[in-house]
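Summary of the model geometry
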Amino acid sequence: MAHVTGVQYEPVAEIGGGAYGTVYKARDLESGQFVALKSVRVQTDQNGLPVSTVREVALLKRLEQFDHPNVVRLMDVCATQRSDQETKVTLVFEHVDQDLKTYLEKAPAPGLSPGRIQDLMRQLLCGVSFLHSNRVLHRDLKPENILVTSQGQVKLADFGLARIYSCHMALTPVVVTLWYRPPEVLLQSSYATPVDIWSTGCIFAEMFRRKPLFCGESEVDQLGKLFEVIGLPPEDEWPTDVTLSRKHFPPLLPRPITDFVPEINEQGAQLLLKMLTFDPLKRISALNALEHPYFQDEETLT
Amino acid sequence: MAKTGFCDSKPLLDLHKKADERRAPLRTWSNACGPIERWQPVEVDESRMAPVKMEPEHRWERRLSAQTSEGILMGFHEDSFTHSAADGCVEEEEEPVLLYPHGLQGLPSLQALVPSLLRHEVETALEKLDLIWDRAYAWDMFLDMARTQTRNSFPTADLPRHFTDLTRSVLVDWLIQVHELMHFQEETLYLAIHLVNRSLRAIKITTVNLQLLGMVCLFLAAKMEECLLPEVSGLCFLMDHTYTKHQLLRMERKVLLGLKFDLSYCPPLHFLLLLASVARCSAKAVWMARYLLELSLLEGQCVLFLPVQLAGAALCVSRQVLQEPSTPGGEAAWCLASSVHVGSETALLRIMHILANAAAKAHTRETCASFIKFSSPETMQVSRHAGLKNAPGLLGVCT
């Protein structure tokens, strides 16, 4: 039986607020370990707990069974009724002190070694591939919700926006943080698993650069920034179901990716370009990315 | 869910041409527990290799599959699949088999062929059943199904003392009727009964609240599976207002907490449709198996078995009862499908006996919702098939 949150977990500090609720760092009074509490206030109507909550929590529980090394552990789920109209569902996750953003900031002067980046990328793609094979889109991949343990293990976190993927589902237009958003989301076209690959590509570049690759200020600005690097896509690749016209952008040619990520090796640059492909259908999948020669190349380990 | 396409009689590559010679090796392969000779060195090598050498996405899978000791997939080694993903490989490996169609010489090559062929067939079937959305992940998904289901059986068939198997079957029978009335998907029924089985063991339920529990489990299953949900007031109406809406919602929370929100389930139905698709079963054989599988929900003993075993047994009984004329292609396809479900021969026979007995008596029982449901023309009136009365006899059991 789940415990009442107030009793078993003692909040220590607020970690941050998200679209769905606040996250707290807390101590598990039974084990003494730190945990991350994510509370969601759910409006209940005459039909009880909403379908979305039931499905999402069940999905998290299902993913948990696989015990994947690159996904953050869900340790417990509690539900307390606050009133007839509101139930508080608390998800108890393992607590990892450091996210990738801090990890990159803390790395000493020349930045991470090529071998370290290769290892982080492999783990990151393993996690993404696991989610995708389970019909889950992360949809909000960014350095802030990629956790790195003190042993250097990567763990994907914050599935607040994850949903069981379904083609018929109405996908909300605003999901991925602007800088890591793929063109199809910026253009408000339809999207699927390739969204996470684009974001992963941006993060790949950021591991070398130690600053974000595309820092747009608006959707259009963001698109302009990414066309400066990958070039303006040909007419036939431009999605037909969008309002924004291709003519809106200057006819830019792709520039060598090494101009922006000079430290990357040749195989890495190839892989990065496959992840930062404009057409989501032509973008590499997580599974195929893991088989890319970049990961076979052991010289980067030295 | 589309119910068409399971029965197409597309030949199974070239395998069926020499079905007679191939049958024995296939059976041998499917029943062999240890690694296949040819693959053995590979297996040993790889398990000792440094993780760097391995394909990274398989690292954790291997570890997990080692824990799945049930042997659902006999002689099944993920390592042997790593090279044979593409369809092209199937064709490449075909040649050696055709060179040695007789005797044992062909055995290693055939054994090497079966896994890739099975993989190809399983992927195609999953695609046809609309259970996947990206073929690249089909095999992973199938392995997930095989792993997940091991959590779905129970160590004992014992219920809390104040419930008997009969009480439970009366509840299940009632839920089958409500489910039909609501026009829910079949998956919803299987999930609902699974939640009932778990709840009865996880939380304290009084006899008075048994019906309420059943309804809440069906409601939660619908929340997981259905697009359109019934109103809670409608559910209360179906229970003659024995319980209030408030009681129903309180029970919902109790069940969710008791089950810790873990509502995932791999229904035997998916394995049945998958196996039937690989085995190229006729439409009638599939309906018959679906009927038999639904009868398993009423049998308390059936909670002991894995979904894939229940599905396999239902198909076996279905084939025995219908006695459809066999074709070499059909036999080869069936052998290939058998290599998935043949876990323990004893378990399979036990389930087959339970199902055959249940089907023979179904029309005389009070709990006959499934019998009536499957006597309709839409279901090809399988429950009224004359052969079912003698089903236990067919299996060599007198009752």
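Residues numbered from 1 in each chain as written. Chains lettered and ligands numbered in written order. Predicted model: local features only at pLDDT ≥ 70, side-chain atom pairs only at ≥ 80, totals over all residues. Heavy atoms only, no water.

Right, let's talk about the interface of chain A and chain B for a bit. Listed per partner, the contact involves 43 residues of chain A and 43 residues of chain B. Here chain A and chain B share an interface that buries about 3900 Å² over both sides, 60% of which is from carbon and sulfur atoms. When the area that chain A buries against chain B is broken down by residue, the three leading residues are Asn47, Gln65 and Phe66 of chain A, summing to 17%. The tally of links from chain A across to chain B stands at one salt bridge. The salt bridge partner of Lys260 of chain B is Asp76 of chain A, with a shortest N-O separation of 3.1 Å. Across the contact surface, chain A and chain B share 11 residue pairs in polar contact (both at pLDDT 80 or more). Among the secondary structure elements, those contributing two or more residues to the side of chain A that touches chain B are helix H2 (51-65), strand S4 (74-81), strand S5 (86-94), helix H4 (114-133) and helix H9 (286-290) of chain A. Along the lines of polarity and charge, the residues of the side of chain A that touches chain B split into 19 nonpolar, 13 polar and 11 charged. (Contact = heavy atoms within 4.5 Å. Buried area = accessible area lost by both parts, 1.4 Å probe. Salt bridge = Lys/Arg side-chain N within 4 Å of Asp/Glu carboxyl O. Polar contact = N/O pair within 3.5 Å; in protein donor to acceptor, adjacent residues only side chain to side chain. Helix = DSSP H or I, 4+ residues; strand = E, 2+ residues; numbered from the N terminus. Nonpolar A, V, L, I, M, F, W, Y, C, P; charged D, E, K, R; others polar.)

Okay, empty space enclosed by the protein next. Residue and element names in this part refer to chain B. Scanning all chains against the criterion turns up seven cavities of 30 Å³ or more. As for the largest cavity, its lining consists of 18 residues, of which Asn197, Tyr265, Cys302, Val303 and Leu310 are closest to the centre. Sorting elements by how many residues they give to the lining of the largest cavity places helix H9 (residues 186-202) first, with four residues. Here the residues of the lining of the largest cavity are counted per class, giving 11 nonpolar, five polar and two charged. Of the residues that make up the lining of the largest cavity, three or more belong to each of domain 2 (165-258) and domain 3 (268-394). (1 Å grid on protein atoms, 1.4 Å probe; cavity = no way out; pocket = protein on both sides within 12 Å on 5 of 7 lines; lining within 4 Å. Points joined across faces, edges and corners; volume = space filled by probe spheres on them. Domains from an automatic or database assignment.)

Quick look at unusual backbone geometry now. Non-glycine residue Asp67 of chain A carries a positive phi angle of around 55 degrees. The class of Asp67 of chain A is partly exposed, set by a relative accessible area of 36%. In this structure, Asp240 of chain B is a non-glycine residue whose phi angle is positive, near 60 degrees. (Buried < 20%, exposed > 50% of the residue type's maximum accessible area, 1.4 Å probe, protein only.)

Turning our attention to helix H7 (residues 219-230) of chain A. With 12 residues, H7 of chain A should reach 16 Å at 1.5 Å per residue; the first-to-last C-alpha distance of 16 Å fits that figure. If you follow the buried residues of H7 of chain A, they end up packed against helix H5 (183-186) and helix H6 (194-209) of chain A. (Expected span 1.5 Å × (residues − 1).)

Looking now at the UniProt feature "binding site: ATP" (unreviewed entry) in chain A. The positions UniProt marks with the feature "binding site: ATP" (unreviewed entry) are Lys38 of chain A. Summarising the element assignment, Lys38 of chain A is placed in strand S3 (residues 34-43). (UniProt positions renumbered as here; feature names shortened; annotations may be inferred.)

Residues and elements named next belong to chain A. In a regular helix each residue adds 1.5 Å, so 20 residues correspond to 28 Å; H4 covers 28 Å between its end C-alpha atoms and thus fits that length. Across the 20 residues of H4, 17 count as buried, placing the element largely inside the fold. Arg135 occupies a position one or two residues after H4 and carries a positive phi of about 60 degrees.

Mapped onto the secondary structure, Ser285 of chain A falls in the loop between helix H8 (266-275) and H9. Only 3.2 Å separates the side chain of Ser285 of chain A from the backbone nitrogen of Asn288 of chain A, close enough to count as a polar contact. Excluding its chain neighbours within four sequence positions, the residues that come into contact with Ser285 of chain A are Ile197 of chain A together with Tyr137 of chain B.

Note on placement: Leu293 of chain B falls in helix H14 (residues 283-296). In the structure, Leu293 of chain B is positioned 20 residues away from Ala313 of chain B in sequence and 8.5 Å away in space, judged by C-alpha atoms.

Our focus in this paragraph is the packing of aromatic side chains. Using the criterion set out here, one finds 13 aromatic pairs over all chains in the structure. Each ring, one from Phe227 of chain A and one from Trp238 of chain A, has its centre 5.9 Å from the other, and the planes form 50 degrees; the classification is tilted. In this pair, Phe227 of chain A is assigned in helix H7 and Trp238 of chain A in the loop between H7 and H8, connecting sequence segments 11 residues apart. Considered together, Phe227 of chain A and Trp238 of chain A belong to a single accessibility category, that of buried residues. A centroid spacing of 6.3 Å and a plane angle of 65 degrees characterise the contact between Trp287 of chain B and Phe374 of chain B, whose relative ring orientation is edge-to-face. (Phe/Tyr/Trp six-rings, centres within 6.5 Å; stacked < 30°, edge-to-face > 60°.)

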